[in-house]
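# Topology and contacts: notes
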Amino acid sequence: MRVDVLIAGSGIAGLSAALTSARLGRSTVLVTGDVLGGQLLSIAKVDGYPGFPDGIPGYDLCPIAQEQATAAGAELRMTELIRLKQGDEIWHAATGDGGAIEARAVILATGAGLKTLGVPGEERLFGKGVSHCASCDAPLLKGKVAVVVGGGDSALQEALVLADAAAKVVVAHRGASITAQKAYGDAVAAQPKIELRPETEVTEILGNTAVEAVRLKDGTEIGASGVFVFVGLAPNGALAPPAVRDNDGAILTDGAMRTILPGLAAAGAVRVGWPGRAAAAAGEAATAAIAVHHYLRDNRWRGE
C-alpha cells in the first residue's frame, strides 16, 4: 500500500492530523492500534477545548473527530504500527496485521503512557483498587476513601470526579504546591471532600486481595480502597529513529512540528515541548499536517 501521508496515533492528535491531511487532498492512512481514543478515553471531561464551553468527555470527543476524519477521506486502520524505516524519499512501515505501508511522509502522534510509581504493591494490586481511570472506578468507591497520587491537571481532574462518589479523596503530591492550572486548583479548594497533602510521597500500596491503604515516606499510612496514579507521562516515541528522540523518548521538532529527517513530523504528547492540553495536541497535529503538505508540494523541508 502506498500513500502520501501515514499517521500513527489513536488520540485527538492523530485524528486531527488525519482530518487536516485529508482535507488538503492528501491520500492519508491513520494507524490507530486496537483502541481508538488514546489517553482521552479515561477523561470524564476535557476542559478548555474550543466549541465545548462546558467540557466534553474524551470518549465522546474522539468519535466526533473520527467521523470528521473519515468523512474527509482519511482511511483508519485499527492495527499497530510496529516498525518504521526511512528510505530514499519514502518511508517504509510494517503493521501488526502483517501489512506494509509506503508513505512519502509520516506524522507520529503516538501520545504517551501514564508513568507508574514503581512502588511495592502497585503492579500486584492494579485492577484491584489501583487504577488510572476515575470515571471507570468512581462508582465502586461510594462512601469510601480514595488516594490520588500527583499534583498536575490530570490528578486534580480525577480527584474531582472521585469526589462525586467517594466519602473522601486525599491528593498526595511530592511538591510543596500543586502544578495544575488555577481552574482545577480553585475547584478542588471548593470541594470539601478533597484533602490536599503536599510534600507527601507514597512508598507502598498495601492490601492482600485489594487495596487497603498506602504507606508514606514518613512511615504513616492512609487507609484507602482506591489509589489513582497520575504522576506524569512517558512519551511513546520508540518508533522514531534515535536521531530525533531525546533521553526520555520524546520526539524533537521545530515549531512546525518537523523533525530533522525529511518527511517525518510529530505532534501531541509524544513531542518534546507539548504543553499538556488536548486543544494544543489538535493544533500541533494540524500544523504538522500542513507542514507535510507543503513538503510534498514543494519538496522542501526545514528551509532546504
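Use the structure listed above.
Residues take numbers from 1 onward in each chain, read along the sequence in its written order. Restriction of local features to residues with pLDDT of at least 70 applies here, the model being predicted, together with a cutoff of 80 or more for giving and counting side-chain atom pairs; totals for whole chains, interfaces and linings are based on all residues. To obtain the side-chain values, all non-hydrogen atoms of the structure were included, while hydrogens and water were left out.

## With respect to the packing of aromatic side chains
When two rings of Phe, Tyr or Trp (its six-membered ring) have centres within 6.5 Å they constitute a pair, described as stacked for plane angles under 30 degrees, edge-to-face for angles over 60, and tilted for the intermediate range. By the definition in use, this model includes two aromatic pairs. Pairing Y49 with F52 gives two aromatic rings, centres 6.3 Å apart and planes at 45°, and the pair type is tilted. Working definition: with a 1.4 Å probe on protein chains only, accessible area under 20% of the residue-type maximum means buried, over 50% means exposed, and in between means partly exposed. Judged by its relative accessible area of 15%, Y49 is buried. With relative accessibility at 26%, the residue F52 sits in the partly exposed group. A ring pair is formed by Y295 and W301, whose centres lie 5.1 Å apart and whose planes are at 70°; its orientation type is edge-to-face.

## Some words on the state of the cysteines
The criterion for a disulfide is a pair of cysteine sulfur atoms lying within 2.5 Å. The full count for this structure, using the stated rule, is one disulfide. Each sulfur in the disulfide pair C133 and C136 lies 2.1 Å from the other. Residues C133 and C136 are joined through a disulfide that is right-handed, its torsion about the S-S bond being 70°. Assessed through its relative accessible area of 9%, C133 is described here as buried. The thiol of C62 is not disulfide-bonded; the next cysteine sulfur, from C133, is found 14 Å away. Look at C62 and you get buried, because its relative accessible area is 1%.

## Some thoughts on the packing of helix α4 (residues 153-163) against helix α5 (residues 182-189)
Under this scheme, a helix contributes an axis fitted over its contacting stretch, all axes are lines through C-alpha atoms, and angles between N-to-C directions fall in the 0 to 180 degree range. Runs of H or I in DSSP of at least four residues are treated as helices and runs of E of at least two as strands, each being numbered from the N terminus. Packing of α4 against α5 leaves a shortest axis separation of 10 Å and a crossing angle of 30°. The handedness of the crossing between α4 and α5 comes out as left-handed. Between α4, through D153, L156, Q157 and L160, and α5, the contact on the second element is made entirely by Y184, G185, A187 and V188. Split into classes, the residues belonging to the contact of α4 with α5 amount to five nonpolar, two polar and one charged. A crossing counts as left-handed when the near helix is turned anticlockwise from the far one by less than a right angle, and as right-handed when that turn is clockwise. Whether two residues are in contact is decided by their heavy atoms: any pair within 4.5 Å suffices. Nonpolar residues are Ala, Val, Leu, Ile, Met, Phe, Trp, Tyr, Cys and Pro. Charged residues are Asp, Glu, Lys and Arg, and all others, Gly as well, are polar.

## Quick look at a nonpolar patch on the surface
For patch detection, residues must exceed 30% relative accessible area and be free of salt bridges, and they are connected within 9 Å for like charges or within 5 Å for nonpolar side chains (Val, Leu, Ile, Met, Phe, Trp, Tyr). Per-residue accessibility takes into account occlusion by the displayed protein chains alone, with areas from the Shrake-Rupley method and a 1.4 Å probe. Here a salt bridge means any side-chain nitrogen of Lys or Arg lying within 4 Å of a carboxyl oxygen belonging to Asp or Glu. Taken together, the side chains of V35, L41 and Y59 present a nonpolar region at the surface, about 250 Å² in accessible area. Mapped onto the elements of the fold, L41 is located in the loop between β2 (28-31) and α2 (58-72). L41 sits in the partly exposed class, given a relative accessible area of 31%.

## Description of the pairing of strand β13 (residues 213-216)
A pair of strands is treated as paired once DSSP finds two or more bridges between them. With four bridges joining them, strand β12 (residues 202-206) and β13 adopt antiparallel strand pairing. Within the sheet, the bridge partner assigned to L206 lies in β13 and is A213. Taken together, β12 and the strand that follows it, β13, pair antiparallel across an intervening segment of six residues, in which G207 is found at a positive phi of about 150°. Summarising the sheet, β13 and strand β14 (residues 221-223) pair through three bridges and their orientation is antiparallel. Residue pairing for β14: V214 is matched across the bridge by I222. Counting the residues in the hairpin turn of β13 and β14 gives four residues, including G219, whose phi is positive at 95°.

## Re the environment of A172
Tracing the sequence through the fold places A172 in strand β10 (residues 168-172). Classification of A172 as buried rests on a relative accessible area of 1%. When the C-alpha atoms of A172 and V149 are compared, they prove to be 4.9 Å apart, with 23 residues separating the residues in sequence. Each residue touching A172, except ones within four places of it in the same chain, is listed here: V148, V149, G150, R197, T200 and V202.

## Let's talk about the sheet that holds β14
Pairing in this open sheet of three strands is antiparallel, and the strands run β12-β13-β14 from one edge to the other. The open sheet has two free edges, formed respectively by β12 and β14, since each of these has just one partner strand. Strand-to-strand, the axes of this sheet are offset by a mean angle of 20°, without reference to chain direction.

## Comments concerning the pattern of salt bridges
Under the definition given, this model contains 16 salt bridges. R277 is the salt-bridge partner of D153, the closest N and O atoms lying 2.9 Å from each other. Taken together, the positions of D153 in helix α4 and R277 in the loop between β17 (264-266) and α6 (278-298) put the pair 124 residues apart, joining distant regions of the chain. The exposure class assigned to D153 is buried, which follows from its relative accessible area of 16%. Close ionic contact of D298 with R297 constitutes a salt bridge, the shortest N to O distance being 2.9 Å. Under the relative-accessibility criterion, D298 is labelled partly exposed at 38%.

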